[in-house]
Amino acid sequence: MHMIAVGGSDAGISAALRAREVDPGAEVTVVVADAYPNFSICGIPYYVSGEVPHWRNLAHRTIADLEATGMALRLDTTARRIDVAGRKLLLTGPGGVEDVVAWDQVVIGTGAVPARPPIAGLDALGPADGVHLLHSMDDAFAVMRTLEETSPESALIVGAGYIGLEIAEALTTRGLAVTQVEQLPEVLPTVDPQLGALVRAQLEGHGVTVLSGTVVRQISRAGAGEPARLRVEATAGGDPVTLHAGLVLVVTGVRPETSLAASAGAALGARGAISVDQAMRTGLPGVYAAGDCTVTHHRLLGETYLPLGTTAHKQGRVAGENAAGGHREFAGSLGTQVVKVFDHAAARTGLRDHEAAAAGFDPVTVAWEADDHKAYYPGSHRIAMRFTGDRRTGRLLGLQLFGHKDAEIAKRVDIAAAAIYSGLTVEEVSDLDLSYTPPLGSPWDAVQAGAQAWTRQATLA
């Protein structure tokens with residue numbers, strides 16, 4: 001059996017590794033469009049900041065590690081066309097050399113590409129001008145060249161989602177004056193505005209200028225005598241705003257890369273992503289797909305599009321196992337996410353109030369605060385929480401958290417993710433047998449204190 005995984009990031013590599021585990025005799029080839037298979041794209045901001053000292057450290061596994069598993073890597077190679085009936089794949093390799101490779105099973109893991117907002121000048125300007133997108137290792141190298149060769153004093157970031165916040169911290173750490181522009185009313189719009197405001201306070205407290213409710217209209221080269229080499233025209237509340245920066249990064253999300261699959265006849269679903277079932281089958285014989293190019297089965301919402309590295313790893317593993325003759329289904333996502341913002345962190349899992357209402361639940365959301373451990377032990381931190389549960393059934397639907405990075409924000413949101421996955425009610429979260437010692441927790445963990453607050457207040461709502 002010859003399986004080809006198209007894509008050398010999370011989904012493609014996970015599929016290849018799992019296929020080799022299930023069938024050690026399988027021939028597995030991974031087609032990688034660049035020279036950086038199995039690199040942590042999520043780690044790029046920390047390479048830019050200097051906290052990760054060398055770009056090679058971002059590799060989950062070296063090329064030698066991957067090849068030692070028995071897979072063959074085709075680097076700097078692009079998959080051009082899938083011949084489904086003939087079970088052949090047309091490739092273009094280094095130097096433009098074309099090749100046709102036969103396959104028994106193929107896993108499409110082409111990922112996503114940066115969304116390009118309708119900003120005048122964005123197509124005309126590029127890294128040589130100090131204008132960057134940030135999604136790949138080559139993008140990271142381009143940013144580093146701008147930083148090292150032009151030594152900009154200021155940066156403007158368009159977008160205040162997860163990557164935008166992380167790169168704002170990275171550039172601030174490098175000593176740049178950073179302005180962050182977000183068109184929505186608050187930063188980090190994947191959490192409620194009440195927590196987004198806390199994130200904004202962290203940014204501003206560390207010197208970042210935050211402009212929310214602001215839409216970037218045009219980027220151009222600045223004229224002589226202007227304070228930096230790039231001029232950014234925006235509007236805020238209908239009023240024009242002119243900004244200047246030595247470096248501009250546009251990080252406004254991604255869209256699925258589906259051209260290879262669509263040209264082969266694969267159906268598309270939510271947000272134009274490849275439609276797959278929970279076995280990661282596309283409906284084309286022998287063709288699977290996984291990762292940021294595919295729709296996501298959400299345990300509470302059904303089919304959606306939610307590109308996350310954790311999801312891509314899981315989907316790729318399922319696709320690889322099934323391509324090698326196994327029988328496994330993707331169990332579904334809850335959109336569990338966490339982001340560090342300087343010395344604090346924000347996290348969420350499940351549904352927010354408006355998402356739950358749109359999905360047919362009767363949601364109640366309750367805000368609460370609790371200490372991460374007993375306050376009498378030095379170094380305790382308050383955690384802000386927003387619990388969402390269903391009024392009719394009491395089922396836990398979602399949790400959002402914000403607190404100090406030492407307050408175990410990530411692990412506490414994982415408690416809620418496990419509870420939602422298991423279908424627990426909010427009240428049942430209080431019954432969980434969680435650990436306690438005064439330096440690290442409380443007899444009632446902070447999450448359990450929030451659950452009890454929801455139970456009290458939901459009964460009065």
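Look a little higher up for the structure.
Residues numbered from 1 in each chain as written. Predicted model: local features only at pLDDT ≥ 70, side-chain atom pairs only at ≥ 80, totals over all residues. Heavy atoms only, no water.

Asker: Kindly report on the sheet that holds strand β12 (residues 209-212), identifying the contributing residues and their values.
Answerer: The strand order across the open sheet built from 5 strands is β9-β16-β10-β11-β12, with neighbouring strands paired in parallel fashion. Every other strand in the sheet has two partners, leaving β9 (131-133) and β12 as the edge strands with one partner each. The average angle at which neighbouring strand axes cross in this sheet is 20°, direction not considered. Bridging between β9 and strand β16 (residues 247-250) involves 3 bridges; their strand directions are parallel. Each bridged residue has a counterpart across the sheet, and for leucine 133 the counterpart in β16 is valine 250. Sitting on the sheet, helix α4 (residues 137-150) touches β9 and β16, and the angle it makes with β9 is about 155°. (Pairing = 2+ DSSP bridges. Helix = DSSP H or I, 4+ residues; strand = E, 2+ residues; numbered from the N terminus. Axes fitted to C-alpha atoms, helices over the stretch in contact; angles between N-to-C directions. Contact = heavy atoms within 4.5 Å.)

Asker: Quick one: what's the story with the environment of glutamate 51, residue by residue and with numbers?
Answerer: Tracing the sequence through the fold places glutamate 51 in the loop between α2 (44-49) and α3 (63-68). On the basis of relative accessibility, which here comes to 46%, the residue glutamate 51 falls in the partly exposed class. Measuring from C-alpha to C-alpha, the distance between glutamate 51 and alanine 170 comes to 8.7 Å, with 119 residues separating the pair along the chain. (Buried < 20%, exposed > 50% of the residue type's maximum accessible area, 1.4 Å probe, protein only.)

Asker: Explain the pairing of strand β4 (residues 78-83) to me, and be specific about the residues and the numbers.
Answerer: Relative to strand β5 (residues 88-92), β4 runs antiparallel, the two sharing 5 bridges. Among the inter-strand pairings, arginine 81 is bridged to a residue of β5, identified as leucine 90. Counting the residues in the hairpin turn of β4 and β5 gives 4 residues, including arginine 87, whose phi is positive at 50°.

Asker: Outline the side chain of glutamine 337, supporting the account with residue identities and numerical values.
Answerer: Mapped onto the secondary structure, glutamine 337 falls in strand β21 (residues 337-341). Judged by its relative accessible area of 13%, glutamine 337 is buried. Reaching out from glutamine 337, the side chain makes a polar contact with the backbone oxygen of glycine 335 at a distance of 3.1 Å. (Polar contact = N/O pair within 3.5 Å; in protein donor to acceptor, adjacent residues only side chain to side chain.)

Asker: Can you break down the pattern of salt bridges residue by residue, with the values?
Answerer: Under the criterion given, the structure shown has 22 salt bridges. Across the pair aspartate 192 and arginine 352 runs a salt bridge whose closest N-O atoms are separated by 2.8 Å. Residue aspartate 192 is located in the loop between β11 (177-182) and α6 (193-205), and its partner arginine 352 is located in the loop between β22 (344-350) and α9 (353-358); the two are separated by 160 residues in the primary sequence. In terms of burial, aspartate 192 and arginine 352 fall into one category: buried. Three or more residues joined by partner-sharing salt bridges are found here, namely Arg18, Glu21, Arg317, Glu321 and Arg328. (Salt bridge = Lys/Arg side-chain N within 4 Å of Asp/Glu carboxyl O.)

Asker: So what about α4? Which residues, and what values?
Answerer: In this model α4 runs 20 Å from its N-terminal to its C-terminal C-alpha over 14 residues, within 8% of the 20 Å that 1.5 Å per residue would give. Once α4 ends, the next one or two residues include serine 151, with phi positive near 45°. (Expected span 1.5 Å × (residues − 1).)

Asker: Would you mind going over the pairing of strand β1 (residues 2-6) in detail, with residue names and values included?
Answerer: Among the 5 residues in β1, 5 count as buried, and that is most of the element. The side-chain alternation of β1 yields two buried faces, one formed by His2, Ile4 and Val6 and the other by Met3 and Ala5. By the bridge criterion, 5 bridges tie β1 to strand β2 (residues 27-31) in an arrangement that is parallel. When the sheet's bridge partners are listed, histidine 2 is paired in β2 with glutamate 27. Note on the crossover from β1 through helix α1 (residues 10-22) to β2: the handedness is right-handed. With 4 bridges connecting them, β1 and strand β7 (residues 105-108) associate as parallel partners. From the neighbouring strand, methionine 3 faces β7, where its bridge partner is glutamine 105. (Right-handed = clockwise from strand over helix to strand, strands pointing away.)

Asker: Just give me the short version of the packing of aromatic side chains, but keep the residues and values in it.
Answerer: By the definition in use, this model includes 6 aromatic pairs. Ring centres of tyrosine 36 and phenylalanine 39 lie 5.6 Å apart, and the angle between their planes is 80°; this geometry places the pair in the edge-to-face category. Each member of the pair tyrosine 36 and phenylalanine 39 is classed as buried. Plain terms: the ring middles of tyrosine 36 and phenylalanine 141 are 5.5 Å apart, the flat faces sit at 70° to each other, and that makes the pair edge-to-face. Of this pair, tyrosine 36 sits in the loop between β2 and α2 while phenylalanine 141 sits in helix α4, placing them 105 residues apart in sequence. (Phe/Tyr/Trp six-rings, centres within 6.5 Å; stacked < 30°, edge-to-face > 60°.)

Asker: Tell me about a nonpolar patch on the surface, and name the residues and values.
Answerer: A cluster of nonpolar side chains, Tyr376, Tyr377 and Tyr436, forms an exposed patch at the surface whose accessible area comes to about 360 Å². Tracing the backbone shows tyrosine 376 in the loop between β23 (363-371) and β24 (382-390). (Patch = residues over 30% accessible without salt bridge, like charges linked within 9 Å, V, L, I, M, F, W, Y side chains within 5 Å. Areas by Shrake-Rupley, 256 points an atom, 1.4 Å probe, with all protein chains shown as cover.)

Asker: Describe the side chain of serine 212, with residues and values.
Answerer: Mapped onto the elements of the fold, serine 212 is located in strand β12. The contact partners of serine 212, leaving out residues within four places of it in the chain, are Glu182, Leu184, Pro185, Glu186 and Arg200.

Asker: Residue-level account of the sheet that holds β5, with values.
Answerer: The strands that make up a sheet are held in pairs by hydrogen bonds between backbone atoms, and each pair lies either parallel or antiparallel. Sheet architecture is open: 3 strands sit in the order β4-β5-β6, paired in antiparallel fashion. Every other strand in the sheet has two partners, leaving β4 and β6 (98-102) as the edge strands with one partner each. Here the strands of the sheet are splayed against their neighbours by 25° on average, with no regard to which way each runs. Inspection of the sheet shows β5 paired to β6 by 5 bridges, in the antiparallel sense. Considered in β6, the bridge of threonine 92 is made with glutamate 98.

Asker: Talk me through the packing of α1 against helix α8 (residues 309-323); I want residue IDs and the actual numbers.
Answerer: Between α1 and α8, whose axes approach to 7 Å, the crossing angle comes to 35°. Of the two elements, α1 crosses α8, and the hand of that crossing is right-handed. Between α1, through Asp10, Ala11, Ser14, Ala15, Arg18, Ala19, Glu21 and Val22, and α8, the contact on the second element is made entirely by Gly309, Ala312, His313, Gly316, Arg317, Gly320 and Glu321. Broken down by class, the residue content of the contact of α1 with α8 amounts to 5 nonpolar, 5 polar and 5 charged. (Left-handed = near helix turned anticlockwise from the far one by under 90°. Nonpolar A, V, L, I, M, F, W, Y, C, P; charged D, E, K, R; others polar.)

All we've got here are geometric facts, nothing functional implied.
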